[in-house]
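Listed below, chain by chain, are the residues.
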Amino acid sequence: MEQLSDSDLVERAQKGDRQAFSDLLQRHYQNIYKLAYRWCGRQDDAQDVAQEVCVKLVGAIAGYRGQAAFSSWLYGITLNAARDFHRKKVRHDKREDTALDLDQFQTTVGNPENSLISSLIRRCIALLPDNLRMAVILVHGEGLNHLQAAQAQDCAEGTISWRLSQARKNLHTCLDRGDIS
Amino acid sequence: MKKTDLKDSDIQNALNSDQIPAYEKTAKQQAIEAALQQFDEQTEKKFQGSSLIQRPILITANIFKKIGDWIMNISYSQMATISGLAIAVLVVALMPQMQEQIPAIKEQQYSVKSSSQLRQKTEEIAAEEEVAVLQKRADIQSAKKPQPQAAAVQRKMLPPVASYQYAPTPESMANLSAMPQADYDVAAGGGGVGVQHEVNAPTIARMPTKMARIAKLEAKSYNRSRLLGAQQMAEIAQPLNRVADHIEHDQFAENRDRFAKPQENPVRLTNKHPVSTFSVDVDTASYSFVRRQINAGRLPQPKAVRIEEMINYFSYDYPTPTVANRPFKPTIALYPTPWNNKTQLLHIGIKGYSHTPISKKSNLVFLIDVSGSMSSQDKLPLLKNGLKMLVDSLKPDDTVAIVVYAGAAGTVLEPTSVKQRAKIIAALDRLQAGGSTAGGAGIDLAYSLAQSGFVKGDVNRIILATDGDFNVGITDKDALKGMIEQKRKSGIFLSVLGFGQGNYNDRLMQELAQNGNGIAAYIDNLNEARKVLVQEATANLFPIAKDVKIQVEFNPEQISEYRLIGYETRALKREDFKNDKVDAGDIGSGHTVTAIYEVSLVGGTGQLISPLRYGSTTKPRSKSEELAYLKIRYKLPNETKSKLISRAIVKDDQVDDLNQLSSDIRFGSAVAAFGQLLGGGRYTGDFSYQDIIKLANSSKGDDQFGYRAEFVSLLRLADSLK
């Protein structure tokens, strides 16, 4: 009852402590949902993904050995689940452009020009290859540092830097072309 | 758009989380429920194939859960209910065989448990506990008898499920609960059953008749209390809590508020332990929490009760010292214990020097939790109003900055002088739960802002407000405490304000505030916000002494036993008293601190510990008439070497009649009695809430703000809930 840190809760949950597991979910649901939303761009999809992640964690948590911060590890699981979910769905819906979904993003309050640019950037981000898109979302969206993002994507820290710069190039091309339909 | 135009900040803006709509609360609930169900199933699987004893217990647990879920939440899928009942039937069918083995096994377990208890508490085992253990044994014995009846019930119960191939309706459950109750009145119903570990074979035997009721209890421990009336909840909660104290791995605690409380201070033999040492504590969080629980219709968990914080919640009109360099003056009284006519209370009251803080400037940084859970009315909105009141009470030169954190952290308001009040208020108004700003860790940010406005000698303080979701960037709590301690040494202090319920992490709050030279207060309503943030703002913001430790040496010639009421979390080692490296609590301007010992005088009859048959090995050396000797160590705010105040406690301090005492002292003892009663009342004998009400009513004194009157109404409420 008295534990606080994620690692303490995880340890207890691994030993079958239901309350600890429930606490973990309570604490991280918001982050799971947020990240899922960034990927799917729809509230209902994001909620579905978040539920899937919660259920998945029951089995997955045994495999967590403290190699990364729990939150980073969870980011990784969430992103993978979101990607799989979305792939399935896109296939199912015969939708080709994931960017369409991102129209669901509400327009930013304030300067309309800024919000237009933001919306363009979002669409371009949505068109990035999965790995690049993940890196961008983790670092620029969730504010993770490169190490944390690397842990989430299970790659080297340098790879994240490379992906970010690659993503930036793609975004430039995309924005320069301005050919977003 | 040109290549050079794309900045990181553009990408960040595009991904700004303000644009993410909040999730639906029901979605979160569903997700967590789904996961927990899976979790239960997995846990069950894990234990499959292990010993016979565990198996039936786990099955029953599962039944209770499922039936509980079903009663509480009819929309649960039909499949689940059918399977739930099917397992129930299975167990009932197995019962005859199980009953033969299990009571014996269980009884063995109980005797193991009680003997280990005895070992642990050789000196101090409370009669009450022994009775409880005996009671449980008696239960087991009597439960062996009603087997035939249990069998009859089984027959009654089997056909419905076997023949009706439909999902049972609530009415059919009602029928179940209406079945003959006769001998089955679950004696343990209020106590053992609600908690998983206490589910035992006799319970299984009683199950058919009391299934609905047990399921309710079980459901309660699954936090599904919302459908139970407040009265019922209170009925259930109290014994449940007592049992929970005895259970180490209490997975099913009724509530996620976290409290740390070691064993209640035991009675000490003066011969063996003549010296008692502790740190002062001016926190008040426990009282507010207790009040909130009682107002919500339930008695608080005993663990949530820290008596010293309840006592220190109230201000007492002890005589004040007149000079700042000798910042306090102890007030001593020895008087008959209200709840025990054989013992005496030794009352030690300290009031801090009160100075008018004209010269000092305050640089405050509010570090505010804006995570989704803060959105309810008793959290962020209350906090905003409280902080506005505080801003109104600050001086024009003072500065305020605001940092928020949720998933990420950000500065909402750079240090702003209170002259620009409108700007500060506007920033507070803009705060919204759920949103988050990109950035580094909240607490780092708060400290760097505090550093930027740092003026040596002024008040540099971070005020952290949270409901317990403590994702400020550092997840390792020891690292966090270390950091706060480090910053404290550089002159930036930290206070913690707790809000809300259900997620409140009391222990961490307390620890953080202790490490940060600050107070931890729990704020449950606007009045409390005013009390903590405005009325006591000077006390809370201007420490007059730090690391204040109290040591009392009892004279074994005069006092044979003593017991410190409360301060369990503040105990210090005897040798730490003089060690200036050991941290202790601080006292602010005008603060009062009260400590109460219950003592047995030599020659009296109040001793709880029987004398040794072969006499004591240590002969008392002193023939002094002094009863005890009080020492207080403290450091002035800017000094590192401690100073000492000491005073002998003598017969002249003794008063024979409670009515000769000041109302402040009597009131303090009433609060002490209340705290002890809420904590289980181990030492308070027959003293009832009504007795406390009488005592408190006679000692309300001035009560300018009505706090003592509120205390009395709280007592009445508690009395009706017990």
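Residues numbered from 1 in each chain as written. Chains lettered and ligands numbered in written order. Predicted model: local features only at pLDDT ≥ 70, side-chain atom pairs only at ≥ 80, totals over all residues.

Peer 1: What's the story with the overall build of chain A in this structure? I'm lost.
Peer 2: Helix and strand counts for chain A come out as eight helices and zero strands. Listing every helix and strand of chain A by position from the N terminus yields α-α-α-α-α-α-α-α. Sequence-distant contacts in chain A: of pairs separated by 6 or more residues, those separated by 24 or more amount to 60%. (Helix = DSSP H or I, 4+ residues; strand = E, 2+ residues; numbered from the N terminus. Contact = placed C-beta atoms within 7 Å.)

Peer 1: Please clarify how the overall build of chain B should be interpreted in this entry.
Peer 2: Check the secondary structure of chain B and you find 21 helices and 16 strands. Taken across its 722 residues, chain B has 46% of its residues classed as buried. Sequence separation of at least 24 residues holds for 79% of the intrachain contacts in chain B that already meet a minimum separation of 6. (Buried ≥ 20, exposed ≤ 12 C-beta atoms within 10 Å, placed from the backbone.)

Peer 1: Looking at this model, I keep getting lost on the nonpolar core. Mind explaining?
Peer 2: One broad rule of soluble globular proteins: the nonpolar side chains tend to lie buried together. Membership of the largest hydrophobic core comes to 124 residues, with the highest contact counts inside it found for Val 365, Phe 366, Leu 367, Val 403, Ala 446 and Ile 462 of chain B. With nine residues, helix 19 (residues 663-678) of chain B is the largest single contributor of residues to this core. When residues are assigned to domains, this core turns out to be shared by domain 2 (268-282 + 318-355 + 549-606 + 621-721) and domain 3 (362-541) of chain B, each giving three or more. Setting aside anything within four residues of it in sequence, one finds Val 365 of chain B in contact with Ala 401, Val 403, Ala 446, Leu 449, Ala 450 and Ile 462 of chain B. Listed in part, the 63 residues of the second largest apolar core include Tyr 29, Cys 40 and Val 53 of chain A together with Ile 20 of chain B. (Core = buried A, V, L, I, M, F, W, Y, C linked by C-beta atoms within 7 Å. Domains from an automatic or database assignment.)

Peer 1: Is there a simple way to explain the pairing of strand 11 (residues 543-554) of chain B in this structure?
Peer 2: A regular strand carries its side chains on alternate faces of the sheet. All names here are of chain B. Across the twelve residues of strand 11, twelve count as buried, placing the element largely inside the fold. Sheet topology places strand 11 next to strand 13 (residues 585-588); three bridges connect them, and they run antiparallel. Following the sheet pairing, Ala 545 is matched in strand 13 by Ile 587. Inspection of the sheet shows strand 11 paired to strand 15 (residues 628-635) by seven bridges, in the antiparallel sense. By the bridge assignment for strand 15, Phe 554 is matched with Ala 628. (Pairing = 2+ DSSP bridges.)

Peer 1: Is there a simple way to think about the confidence of the model for chain B in this case?
Peer 2: Residue and element names in this part refer to chain B. Residues of chain B with pLDDT of at least 70 account for 61%, and the chain-wide mean is 69. Low pLDDT, under 50, characterises residues 47-254; the predicted model gives this stretch 213 contacts beyond four residues in sequence or across chains. Contacts of residues 436-440 to residues separated by more than four positions or lying in other chains number 20 contacts, the stretch itself having pLDDT below 50. Note on the complex model: pTM 0.46, ipTM 0.84. (pLDDT = per-residue confidence, 0-100.)

Peer 1: What's the story with the packing of helix 2 (residues 18-40) of chain A against helix 3 (residues 43-60) of chain A in this structure? I'm lost.
Peer 2: Packed helices, taken two at a time, are described by the angle their axes make and the gap between the axes. Residues and elements named next belong to chain A. Running from amino to carboxyl end, helix 2 crosses helix 3 at an angle of 135°, the nearest separation of the two axes being 8 Å. With respect to their mutual orientation, helix 2 and helix 3 come out oblique. As for the relative orientation of helix 2 and helix 3, their crossing is right-handed in sense. Taking contact as the criterion, the partners of Leu 25, Tyr 29, Ile 32, Tyr 33, Ala 36, Tyr 37 and Cys 40 in helix 2 are, on helix 3, Gln 43, Asp 45, Ala 46, Gln 47, Val 49, Ala 50, Val 53 and Cys 54. (Axes fitted to C-alpha atoms, helices over the stretch in contact; angles between N-to-C directions. Parallel < 35°, antiparallel > 145°, perpendicular 65-115°, else oblique. Left-handed = near helix turned anticlockwise from the far one by under 90°.)

Peer 1: Teacher, can you tell me more about the packing of helix 10 (residues 285-295) of chain B against helix 21 (residues 707-721) of chain B here?
Peer 2: Residues and elements named next belong to chain B. Where helix 10 contacts helix 21, the axes come no closer than 9 Å and their chain directions differ by 55°. Relative to helix 21, the element helix 10 lies oblique. Taken as a pair, helix 10 and helix 21 cross one another with a handedness that is left-handed. Contacts between helix 10 and helix 21 involve Arg 291, Ile 294 and Asn 295 from the first element and Leu 714, Leu 717, Ala 718 and Leu 721 from the second.

Peer 1: In this structure, what is going on with the sheet that holds strand 3 (residues 328-337) of chain B? I would like to understand it.
Peer 2: Backbone-to-backbone hydrogen bonds pair the strands of a sheet. The strands run either parallel or antiparallel. All names here are of chain B. With antiparallel pairing, five strands are arranged side by side in an open sheet as 1-12-14-4-3. Edge positions in the sheet fall to strand 1 (268-269) and strand 3, since each has one partner strand and no second. Examined bridge by bridge, strand 4 (residues 340-352) and strand 14 (residues 592-601) share eight bridges and lie antiparallel to one another. Opposite Gln 344, over in strand 14, you have Val 599 as the bridge partner. Contacts between helix 19 and the sheet are confined to strand 3, strand 4, strand 12 (559-565) and strand 14, with strand 14 contributing the most and set at about 75° to the helix.

Peer 1: Sorry if this is basic, but what is going on with the environment of Asp 8 of chain A here?
Peer 2: Residues and elements named next belong to chain A. Here Asp 8 lies in helix 1 (residues 6-14). Overall, the presence of 16 C-beta atoms within 10 Å leaves Asp 8 in the partly exposed class. With twelve residues separating them along the chain, Asp 8 and Ala 20 place their C-alpha atoms 8.6 Å apart.

Peer 1: Where do I start with helix 1 of chain A in this structure?
Peer 2: Because an α-helix packs 3.6 residues into every turn, residues spaced three or four apart end up facing the same way. All names here are of chain A. Taken as a whole, helix 1 has its buried residues at Asp 6, Leu 9, Val 10, Arg 12 and Ala 13. What you see down the axis of helix 1 is that its buried residues fit within an arc of 165°, all on one side. Positive backbone phi, at 100°, marks Gly 16, one or two positions downstream of helix 1. (Arc of directions from axis to C-beta.)

Peer 1: Help me understand unusual backbone geometry in this model?
Peer 2: Note: most peptide bonds trans; most residues except glycine with negative phi. Backbone geometry at Asp 154 of chain A places phi at a positive 55°, although glycine is not the residue there. Among the structural elements, Asp 154 of chain A can be located in the loop between helix 7 (146-153) and helix 8 (157-177). At Asp 547 of chain B, a residue that is not glycine, the phi angle is positive and equals roughly 50°.

Peer 1: Would you explain the environment of Val 400 of chain B in this entry?
Peer 2: All names here are of chain B. Counting through the fold element by element, Val 400 comes out in strand 6 (residues 399-405). Classification of Val 400 by C-beta neighbours within 10 Å gives buried; the count is 27. A C-alpha to C-alpha distance of 8.0 Å links Val 400 and Leu 413, two positions 13 residues apart in sequence.

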